[in-house]
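# Results of the structural survey
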Amino acid sequence: MRAEGIETARRILCVFPRYTSSFGTFEYAYPLTDGVQAFMPPQGLLLIAAYLPANWPVRFVDENLRAASDEDFEWAEAVFVSGMHIQRQQMNDICRRAHAFDLPVAIGGPSVSACPDYYPSFDYLHVGELGDATNELIARLARDPSRPERQVVLTTDDRLPMTEFPLPAYELAEVRKYFLGSIQYSSGCPYQCEFCDIPGLYGRNPRLKSPQQIIAELDKLLECGVTGSVYFVDDNFIGNRKAALELLPHLVEWQKKTGYVMRLACEATLNIAKRPEILEKMREAFFITIFCGIETPDPDALKAMQKDHNMMVPILEGIRTINSYGMEVVSGIIMGLDTDRPETGEVLMEFVEESRIPLLTINLLQALPKTPLWDRLEREGRLIHDDDSRDSNVQFLLPYDQVVDSWRKCMEAAYEPEKLFARYEHQCDYTYRQRIKVPVTPEQKSWANIKRGLIMLRNIFWKVGVLGDYRKVFWKFALGRLRRGDIEGLIASAMIGHHLITFARAASVGQHSASNYSIRLREAAVPAE
Ligand code: SF4
């Protein structure tokens, strides 16, 4: 549904801020693609855009693709911004630019909802999810589009049920320019890991859309031109297992009907390995990747962070089980935990080797507001505020330099090309072979699709196979794939692998932040090519 009953139309400019260069946005892979320029379409802002009254003209600008222009600001009567902590400086910059045109600026999304005081310059703070605060914001702008005299904070008390969410306005985004499509089925997570702000922000009882909404969203994504990979951005896809089981048959049916046009990915807790009935359906629905916050292989550390649910099956066994359903595991890893010892880096590297996981996001512990970790460290006097020279706001128990040094060594070792491609080789030969055989669709046989593949192969062969300094390792891997006729495995592994190797090399010499949450202003942007 949309907001209703508003006669006066306002022109709204929705601006999504640039990401500071980070490991998880794959920007070094973009030059190997056929024109990808940004990571994922932002769900939140596209949802708000769709919720605005039907007679309100909306423009959407993702500054990862292009900057909002003077003409955009001149056109608008109000500006909406949304983003995460990592985009804080960019959001404040958008506000400054909009104010130069005397426009009122509203900010919503996860960062302002957790930390309203990060955003003193904005005219309207929208704290919380879509709901009564959103209606109030729309009503105020309809009444008066000028900037209020002082900041207005609107907090959602009454959330709109997710079953009443409109379909995100994917049609406003240039979806073909994104690395991944995105979709959301649920919000919230029943667990309470010490470092995580999801339960505090979105609750422990996951809220849900209906399977029919998800199917309608997939149809819309397809209509807008998304094929390839689509990521369920749910905090935990099995936060409500019954709901996941309800959705999956619909996804299977949709994939069969459309010829498996989309490869699906999601985030879920590792204890999904105990649920063969879910894994089997996911396999049938063509889920090919699951991001699991493994965090650490150390049982004491998992206990200390209240992530015992990661030990419901032995971790390596859990990974192998997921792999046996054709799904690659991507793992989050945290360093700088209170339980870390000087040898933690080495233990982690053994885990990387044994698990054969190619892609691990390795970050330093960061205390986020609205988390039990934040409260504990505040009590212990171990939160560090306003020190831009650090990559974490946590006073570690080990010396800071030692932790950062260990992180750099881990990045270097984990993404050493030979080792990385050996892990990919295992995934291609074992995990990917467990996937269902999907039919070749007319879309896949189309000249446009063949051309896409050829462009990517040309880019990979030229930029990695000829110009790359790890070309020997690459060719050993690539020839193996070509001999097996595994072009898809070759393209996917080479593209992601190139990003991982390039990013890790820069990280190991201190050119990248050791935390995805760090707001240190690096070059703020390896421009997406
Ligand atoms: S399981 Fe994941 S989403 Fe849930 S509280 Fe833990 S870290 Fe957060």
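Our structure is the block above this text.
First things first, this report covers the structure right here in the doc. Numbering of residues starts from 1 in each chain and follows the order in which that chain's sequence is written. Side-chain atom pairs in this predicted model are given and counted only at pLDDT of 80 or more, local residue features only at pLDDT of at least 70, and totals for whole chains, interfaces and linings cover all residues. The side-chain numbers reported here are obtained from all heavy atoms of the structure, hydrogens and water having been left aside.

### Concerning the side chain of R423
- Residue position: R423 is located in helix α15 (residues 417–431).
- One buried charged residue, R423, remains without a salt bridge, the closest side chain of opposite sign being E353 at 4.3 Å.
- Polar contact is the term for a pair of N or O atoms within 3.5 Å; when the atoms are in protein, one must be able to donate a hydrogen and the other to accept it, and sequence-neighboring residues count only if both atoms are side-chain atoms. In terms of polar contacts, R423 uses its side chain to reach the backbone carbonyl oxygen of P358, at 3.1 Å.
- Residues within four places of R423 in sequence aside, it is in contact with V352, E353, R356, I357, P358, L360, A414 and Y415. Put simply, DSSP marks the helices as runs of H or I at least four residues long and the strands as runs of E at least two long, and each gets a number from the N terminus on. Only protein chains enter the accessibility calculation, which uses a 1.4 Å probe. A residue is then buried if its area is under 20% of the maximum for its type, exposed if over 50%, and partly exposed in between. Only four residue types enter the tally: Lys and Arg on the positive side, Asp and Glu on the negative side; His and the chain ends are excluded. By salt bridge we mean one thing: a side-chain nitrogen of Lys or Arg within 4 Å of a carboxyl oxygen of Asp or Glu. Residue contacts are counted whenever heavy atoms from the two residues lie within 4.5 Å of one another.

### Focus: the nonpolar core
- Only buried residues count toward a nonpolar core, which is a set of Ala, Val, Leu, Ile, Met, Phe, Trp, Tyr and Cys residues joined through side-chain atoms within 4.5 Å. In terms of nonpolar packing, the biggest core is built from 153 residues, with F232, F237, L251 and F287 touching the most fellow members.
- Of the residues forming this core, the biggest block, 10 residues, is contributed by helix α19 (residues 487–508).
- With near-sequence residues (within four places) excluded, F237 lies in contact with F232, A244, L247, L248, C266, E267, A268, M282 and F287.

### Side note on a negative patch on the surface
- A cluster of like negative charges, contributed by E346, E350, E353 and E354, occupies part of the molecular surface.
- By secondary structure assignment, the location of E350 is in helix α12 (residues 344–355). Patches here are clusters of residues that have more than 30% relative accessible area and form no salt bridge, with a 9 Å joining cutoff for like charges and a 5 Å cutoff for nonpolar side chains (Val, Leu, Ile, Met, Phe, Trp, Tyr). All accessible areas in this document rest on Shrake-Rupley with a 1.4 Å probe, and a residue is counted as covered only by the protein chains that are shown. For charged residues, the charge sits on one atom: NZ in Lys, CZ in Arg, CG in Asp, CD in Glu.

### Structural notes on the sheet that holds strand β6 (residues 152–155)
- The rule for pairing is simple: two strands pair if DSSP sees at least two bridges between them. Strand order across the open sheet formed by six strands is β2-β1-β3-β4-β5-β6, with parallel pairing between neighbours. At either end of the open sheet lies a strand with only one pairing partner, and these are β2 (58–62) and β6. The sheet shows a mean angle of 20° between the axes of neighbouring strands, taken without regard to direction.
- Here strand β1 (residues 12–16) pairs with strand β3 (residues 78–82) via four bridges, running parallel. Across the sheet, the residue bridging to I12 is A78, located in β3.
- To get an axis, fit a line to the C-alpha atoms, keeping to the stretch in contact for a helix; angles then go from 0 to 180 degrees between the N-to-C directions. Against the sheet, helix α5 (residues 132–143) engages β1, β3, β4 (105–108), β5 (124–127) and β6, with an angle of about 140° to β6.

### Thoughts on the sheet that holds strand β10 (residues 228–232)
- Spatially, the six strands line up as an open sheet ordered β7-β10-β11-β12-β13-β14, and their pairing is parallel. Two strands in the sheet have a free side with no partner beyond their single neighbour: β7 (181–183) and β14 (360–364). Pairwise comparison of adjacent strand axes, ignoring direction, gives a mean angle of 20° for this sheet.
- Judged from the four bridges that link them, strand β11 (residues 262–267) and strand β12 (residues 287–295) form a sheet pairing that is parallel. Of the residues in β12, the one forming a bridge with C266 is I290.

### Remarks on the side chain of N64
- Tracing the backbone through its elements, the reader meets N64 in the loop between β2 and α2 (70–75).
- A distance of 3.2 Å separates the side chain of N64 from the backbone oxygen of P17, its partner in a polar contact.

### Section: the site of the ligand
- By nearness alone, every residue bordering the ligand is listed as C189, Y191, C193, F195, C196, P199, D235, T269, K307 and H309.
- The residue classification treats Ala, Val, Leu, Ile, Met, Phe, Trp, Tyr, Cys and Pro as nonpolar and Asp, Glu, Lys and Arg as charged. All others, Gly included, are polar. Here the residues of the shell around the ligand sort into six nonpolar, two polar and two charged. The near set for a molecule or strand comprises every residue that places at least one heavy atom within 4 Å of it.

### Focus on the environment of I288
- For I288, the location among the structural elements is in strand β12.
- The class for I288 is buried, based on a relative accessible area of 10%.
- Spatially, the C-alpha atoms of I288 and C266 are 8.9 Å apart, while their sequence positions differ by 22 residues.
- Leaving out residues up to four positions away in the same chain, I288 has contacts with R263, L264, G326, M327, E328 and R435.

### Thoughts on α5
- Here a helix's expected span is defined as the number of its residues, less one, multiplied by 1.5 Å. Over its 12 residues, α5 extends 16 Å from the first C-alpha to the last, a length consistent with the 16 Å expected when each residue adds 1.5 Å.
- Lining the buried residues of α5 we find β1, α1 (43–51), β3, β4, β5 and β6.

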